[in-house]
Amino acid sequence: MRFSLRLNNDLTLPQYIAIAQTAEAVGFDQIWVSNDLFLRSAPVILQAMAHATSRIEVGTGILNPYTIHPAEIAMLAATMDEATGNRFNLGLASGAGEFLKWVGIDAAQPLTAMRETIDAVRSLLRGERTPYNGAFLRWQEEAYLRFDAPRVTPIYVGAMGPKMLALTGELADGALPLLFPPEHYFAVLPHLRAGIERRAAGLGELDLAVCIWVSLAEDRAAAQRVLAEKIAYYGHALGPLILGRLGVTQDEFRPIEHAIMVERDIERAAAMVDERMLRIGVVGSAHDVIDRLAPIVAAGARHLSFGPPLGPNQIEAVQLLGQAIEYFR
């Protein structure tokens, strides 16, 4: 079994360092930080966490090839591996259109963009010259790294839709599908397996991280409140596959989106998050996590990934998750 922790990029650097050190101490294998627009820069955060720890792997969760050029993504991956002693994982995805529209970006050809980005980044990290005449990337002969990358960094893809999940199974080293709710695992597997059937043998086995949201605390009401706030912020950007599993429509999230993005009234937005929406994650204690995930582990899951908000006190939440790790390990 493997265990990872996922964080949004909305905390302070001292908080990230304390969380990373606690996560390493309780047995986590990886820690991922998002790179959402207009919050803190994930690569800077990951560098700080890696320097404050000795074993835990760090990763971007996620970068996209629209706001960061694939050439710069390869530069970042090679440099982060150099800086961390090969403890870096590169998380990629096509990005959330709901957020990219803030900066006027139309995330066109997402499947093609991801396929070509993965291919080109790996080629660069292998030290190859990478002329490319694709539909998304058009590079010249001069496209190559001017230094030796320590290795070909593992690439994890954050996928939600059926076609992107299949692409992930075919091409990625690992998968970071957001399983909202956790039981969505059973709907995701067939799409990943369709891609795995086309997978090159040299890639090895796909590391499928069961990515869920949790909010844990001794005070259950406080834990529920912070999960509601997280759902209020991100719920409108979820894909139809996830919304359908919850029995919720995107239109039901529109008033919530307006309250939090336009009115900036997080209390009102969180109050509109109903019980169906709260099923997106797991609220309560380590026992709640164990009860909810035991059927998924019994079905074959071998990598559990716990994501935000974690809880009203992240350090307490990570320690509580340590109890779940002990149980599943």
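The sections below set out a description of the structure shown in this document. In every chain, residue numbers begin from 1 and rise along the written sequence. Given that this is a predicted model, residues contribute local features only at a pLDDT of at least 70 and side-chain atom pairs are listed and counted only at 80 or more, while totals for whole chains, interfaces and linings are drawn from all residues. Only heavy atoms go into the side-chain values, all of them from the structure, while hydrogens and water stay out.

We now examine the packing of helix α8 (residues 220-234) against helix α10 (residues 250-262). For the pair α8 and α10, interaxial distance at closest approach is 8 Å and the crossing angle is 100 degrees. By the criterion of interaxial angle, the relationship of α8 to α10 is roughly perpendicular. The residues of α10 that touch α8, namely those facing E229, I231, A232 and Y233, are F253, I256, I260 and M261. For every element, the axis is a line fit to its C-alpha atoms; helices are fit only across the contacting stretch, and the angle between N-to-C directions ranges from 0 to 180 degrees. Comment: elements are numbered from the N terminus, with helices defined as DSSP H or I runs of at least four residues and strands as E runs of at least two. An angle below 35 degrees is read as roughly parallel, one above 145 as roughly antiparallel, one from 65 to 115 as roughly perpendicular, and any other as oblique. Any two residues whose heavy atoms approach within 4.5 Å are treated as being in contact.

Our next topic: the nonpolar core. Core analysis: the biggest nonpolar cluster contains 77 residues, and L5, F28 and F306 have the highest contact counts within it. Among the elements that line this core, the one with the most residues is helix α14 (residues 314-328), at seven residues. Filtering out sequence-adjacent residues up to four positions away, F306 remains in contact with F3, S4, L5, R6, F28, I212, V214, V289, L293 and L321. Residues grouped as a nonpolar core are buried Ala, Val, Leu, Ile, Met, Phe, Trp, Tyr and Cys residues, joined through side-chain atoms within 4.5 Å. Each residue's exposure class comes from its accessible area (1.4 Å probe, protein chains only) as a fraction of the maximum for that residue type: buried when under 20%, exposed when over 50%, partly exposed otherwise.

Tracing the backbone shows S123 in helix α5 (residues 110-125). Taking the relative accessible area as the measure of exposure, S123 reaches 7% and is therefore buried. Any pair of nitrogen or oxygen atoms within 3.5 Å is treated as a polar contact; in protein, a donor-acceptor pairing is required on top of that, and neighbouring residues in sequence qualify only through side-chain atoms on both sides. Separated by 2.7 Å, the side chains of S123 and E128 make a polar contact. If sequence neighbours within four positions are ignored, S123 has contacts with E128, R129 and T130.

Pairing of aromatic rings covers Phe, Tyr and Trp, the last counted by its six-membered ring, and requires centre-to-centre distances within 6.5 Å; plane angles under 30 degrees mean stacked, over 60 mean edge-to-face, and any other angle means tilted. Under the criterion given, the structure shown has nine aromatic pairs. Note on Y66 and F136: the rings are 5.6 Å apart at their centroids and 75 degrees apart in plane angle, and the pair reads as edge-to-face. With Y66 in the loop between β3 (57-60) and α3 (70-84) and F136 in the loop between β5 (132-133) and β6 (138-139), the pair connects residues that are 70 residues apart, well separated along the chain. Under the relative-accessibility criterion, Y66 is labelled buried at 18%.

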